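# Examination of the molecular architecture
Here is how the chains run, residue by residue.
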Protein chains: 2
Amino acid sequence: MTETPDALRLVALRDLPAVQPGDDLAALTRAAAAAQGLVLSGGVLVVAQKIVSKAEGRIVRLADVEPSAQARRIAAANDKDPRHVEVVLRETARVVRHARGIWIAETRHGFVCANAGVDLSNAPDADTAVLLPLDPDASARRLRDDLLAAGAGPLAVIVSDTFGRPWREGLVDVALGSAGLAPLADWRGRPDLAGRPLEVTAMALVDQLAAAAGLLMGKDAGRPAVWIEGLWPAGDGSVRQLLRDRSGDLFR
Amino acid sequence: MTETPDALRLVALRDLPAVQPGDDLAALTRAAAAAQGLVLSGGVLVVAQKIVSKAEGRIVRLADVEPSAQARRIAAANDKDPRHVEVVLRETARVVRHARGIWIAETRHGFVCANAGVDLSNAPDADTAVLLPLDPDASARRLRDDLLAAGAGPLAVIVSDTFGRPWREGLVDVALGSAGLAPLADWRGRPDLAGRPLEVTAMALVDQLAAAAGLLMGKDAGRPAVWIEGLWPAGDGSVRQLLRDRSGDLFR
């Protein structure tokens, strides 16, 4: 298990160029890190979903989208672009709630989020929509493998996105995919300071790391990659371990 | 609004003594910070709810608790200590779900969490339960005021706790109370990099800070206070702003 650190340093990668389809994210992040004297070793690189999706070409030109009758109906009722609604419908595996023009959906990956993760803002131009990566764990693993192959030291990679949530206002960054660390830090059964077994269940380590990195990813700052050092990642696994079985979810 | 930082440093306060009722948290955290060369200025001090509750005497001796008939019934059905169940019932404003011995409740503050925030593990001895502070915002403000009065520089204080959540497995740290910064970082209407208004709603800044600090508060490490520097807190407000109005919660 990843050891609890005494201190952490988080640094946003500056001057990362706007990412285009086909771009080599490992080369771009390595170059940006090197330019500011960062060595990508012994830490966690958190990259925003948006640049991963762009590099992977998960971009839809709205001009190429033919809205269905359902999309046109929903768009008309909510003052939306029917092509945008169509893209959201295609990314939706299950509608959780739909009211006041807000569309909360479960994606094919099992993530519950607004607009099924489809993003219009910050897209390369106003006529495109950016979709979630098809397999964010695989995206994280590919970036990590490429960085390791290029000489980076031990590191983990997290692909993060900004989600709303039940009960609490305000968005938080969470992990969509990870590679090179165990997503859950499981304290169950370990002794507490008084020697009794801890009752706390597993901590969502990758989500805490995504949230921490999110502090440096201000939405107007264009800083979609953050290096976290001081924490030596251990273990491995998939963010899908964090998807709660619906029947066992007592929190709703 | 708090500006997005380029870099952050997080340092756990080492050698904080076990907190007792009546202890002066400002004095204890100042001394611990000074001992490791930290100046509490220009940053955010995140303290775990548990030490705040202990300092405030929010501790119940189970020997003093007379379980109600309801508590005895629930305890018998779930193999629990009826005195513990009684304490949880007293802290519960509304039961959200109750199954398999897990009790998800809304507290009087409006927080939704397991056992209404009552904690047995890590309590001073096995025969006590630690309750949430009566008013965590006030707790944060008192600690901040005491630190400022003792000469600390500009800083914010967050009282954090570890919560489960819907949809996703794994616990995350969230803010229960804060003082000295605006809990939400509201990007709505600001231009994105392409000049279009951002559609993203407000970021839950205090929760992202709590989650970041939580990375250093390993459950077996006894590190209930973390100093975050590199972010100059701005604004003010209450964590109650993060409590979603139930009727408007589309995420459940």
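What counts and what doesn't
Residues numbered from 1 in each chain as written. Chains lettered and ligands numbered in written order. Predicted model: local features only at pLDDT ≥ 70, side-chain atom pairs only at ≥ 80, totals over all residues. Helix = DSSP H or I, 4+ residues; strand = E, 2+ residues; numbered from the N terminus. Rg over C-alpha atoms; globule rule 2.2 N^0.38 Å. Buried ≥ 20, exposed ≤ 12 C-beta atoms within 10 Å, placed from the backbone. Pairing = 2+ DSSP bridges. Axes fitted to C-alpha atoms, helices over the stretch in contact; angles between N-to-C directions. Contact = placed C-beta atoms within 7 Å. Parallel < 35°, antiparallel > 145°, perpendicular 65-115°, else oblique. Left-handed = near helix turned anticlockwise from the far one by under 90°. Nonpolar A, V, L, I, M, F, W, Y, C, P; charged D, E, K, R; others polar. Core = buried A, V, L, I, M, F, W, Y, C linked by C-beta atoms within 7 Å. Domains from an automatic or database assignment.

### A closer look at the overall build of chain A
- For chain A, the helix and strand inventory stands at 6 helices and 12 strands.
- Scaling as 2.2 N^0.38, a compact globule of 252 residues should have a C-alpha radius of gyration of about 18 Å, and chain A matches this with 19 Å.
- Once the C-alpha set of chain A is aligned to its principal axes, its extents read approximately 60 × 45 × 25 Å.
- Of all 252 residues assigned to chain A, the portion counted as buried reaches 51%.

### Points about the sheet that holds strand β2 (residues 43–48) of chain B
- If you walk across this open sheet you meet the 10 strands as β9(A)-β8(A)-β2(A)-β12(A)-β1(A)-β1(B)-β12(B)-β2(B)-β8(B)-β9(B), and the pairing is mixed. Only two strands of the sheet have a single neighbouring strand rather than two, namely β9 (172–179) of chain A together with β9 (172–179) of chain B. Each strand of the sheet is rotated relative to its neighbour by a mean of 25°, with strand direction disregarded.
- Looking at chain direction, strand β8 (residues 155–163) of chain A and β9(A) are connected through 7 bridges and run antiparallel. Paired with F163(A) across the strands is V172(A), a residue of β9(A).
- Where helix α5 (residues 136–149) of chain A meets the sheet, it contacts β2 (43–48), β8 and β9 of chain A, and its direction lies at approximately 65° from that of β9(A).
- This element, helix α6 (residues 205–214) of chain B, spans β9 of chain A together with β1 (7–12), β2, β8 (155–163), β9 and β12 (225–229) of chain B of the sheet and lies at about 125° to β9(B).

### Remarks on the packing of helix α1 (residues 25–35) of chain B against helix α5 (residues 136–149) of chain B
Residue and element names in this part refer to chain B.
- Where α1 meets α5, the closest approach of the two axes is 9 Å, and the angle between their N-to-C directions is 60°. Classified by the angle their axes make, α1 and α5 are oblique. In terms of crossing hand, the pair formed by α1 and α5 is right-handed. In this structure, α1 uses L25, A26 and R30 to contact α5, whose residues at the interface are L143, D146 and L147.
- Of the residues belonging to the contact of α1 with α5, the class tally is 4 nonpolar, no polar and 2 charged.

### Some words on unusual backbone geometry
Residue and element names in this part refer to chain B.
- Notably, R100 is not glycine yet its phi reads approximately 50°, a positive angle.
- Within the secondary structure layout, R100 lies in the loop between β4 (92–99) and β5 (102–107).
- Overall, R100 belongs to the exposed group, with 9 C-beta atoms counted inside 10 Å.
- For A116, which is not glycine, the phi dihedral falls at a positive 50°.

### Notes on the sheet that holds β4(B)
Residue and element names in this part refer to chain B.
- Spatial ordering of the open sheet is given by β4-β5-β6, a layout of 3 strands whose pairing is antiparallel. Of all strands in the sheet, those with a lone pairing partner are β4 and β6 (112–114), marking the two edges. Averaged over all neighbouring strand pairs, the angle between strand axes comes to 30°, with direction disregarded.
- Examined bridge by bridge, β5 and β6 share 3 bridges and lie antiparallel to one another. Bridge pairing in β6 links I104 to A114.

### Quick word on the environment of I74(B)
- Considering the arrangement of structural elements, one finds I74(B) in helix α3 (residues 69–78).
- Overall, I74(B) belongs to the buried group, with 20 C-beta atoms counted inside 10 Å.

### Re the nonpolar core
- Of all hydrophobic cores here, the largest spans 158 residues; its most connected members are V226(A) and V226(B).
- When sequence neighbours within four positions are dropped, the list of residues in contact with V226(B) reads L10(B), V11(B), A12(B), L13(B), V46(B), A213(B), L216(B) and M217(B).

### Focus on the domain arrangement of chain A
All names here are of chain A.
- For chain A, the assigned domains are domain 1 (9–57 + 133–247) and domain 2 (59–130).
- Using C-alpha coordinates to define each centre, domain 1 is positioned 25 Å away from domain 2.
- With 11 residues of domain 1 in contact, the opposing surface of domain 2 contributes 9 residues.
- Those elements that provide at least two residues to the side of domain 1 that touches domain 2 are α2 (49–55) and β8.
- For the side of domain 1 that touches domain 2, the leading source of residues is α2, giving 3 residues.

### Comments concerning the environment of T201(A)
- Locating T201(A) in the fold gives a position in the loop between β10 (184–185) and β11 (203–204).
- Note: C-alpha distance between T201(A) and F251(A) (50 residues apart in sequence) is 14 Å.
- When residues no more than four places from it in sequence are discounted, the contact partners of T201(A) are R188(A) and L171(B).

### Structural notes on the pairing of β8(B)
All names here are of chain B.
- Most of β8 is tucked away, with 9 of its 9 residues classed as buried.
- Every second residue of β8 is oriented toward a common face, with L155, V157, V159, D161 and F163 on one face and A156, I158, S160 and T162 on the other, all of them buried.
- In terms of strand pairing, β2 meets β8 through 6 bridges, oriented parallel. Within β8, the position partnered with L45 by the bridge is V157.

### Topic: the environment of Q208(A)
- For Q208(A), the location among the structural elements is in helix α6 (residues 205–214).
- Linking Q208(A) and P166(A), residues 42 residues apart in sequence, is a C-alpha distance of 17 Å.
- Setting aside residues up to four positions removed in sequence, Q208(A) forms contacts with M203(A), V172(B), D173(B), A211(B), G214(B) and L215(B).

### Thoughts on the pairing of strand β4 (residues 92–99) of chain A
Residue and element names in this part refer to chain A.
- Inspection of the sheet shows β4 paired to strand β5 (residues 102–107) by 6 bridges, in the antiparallel sense. Residue R94 lies in a different strand from β5, and its bridge partner there is E106.
- Connecting β4 to the antiparallel partner β5 that follows it, the hairpin turn spans 2 residues, and R100 within it adopts a positive phi of roughly 50°.

### So, the packing of α6(A) against α6(B)
- Closest axis-to-axis distance for the α6(A)/α6(B) pair is 8 Å, and the angle between their directions is 125°. When the axes of α6(A) and α6(B) are compared, the pair comes out oblique. Two packed elements cross with a definite hand, and for α6(A) against α6(B) that hand is left-handed. Taking contact as the criterion, the partners of Q208(A), A211(A), A212(A) and G214(A) in α6(A) are, on α6(B), Q208(B), A211(B), A212(B) and G214(B).
- Its residues assigned to classes, the contact of α6(A) with α6(B) shows 4 nonpolar, 4 polar and no charged.

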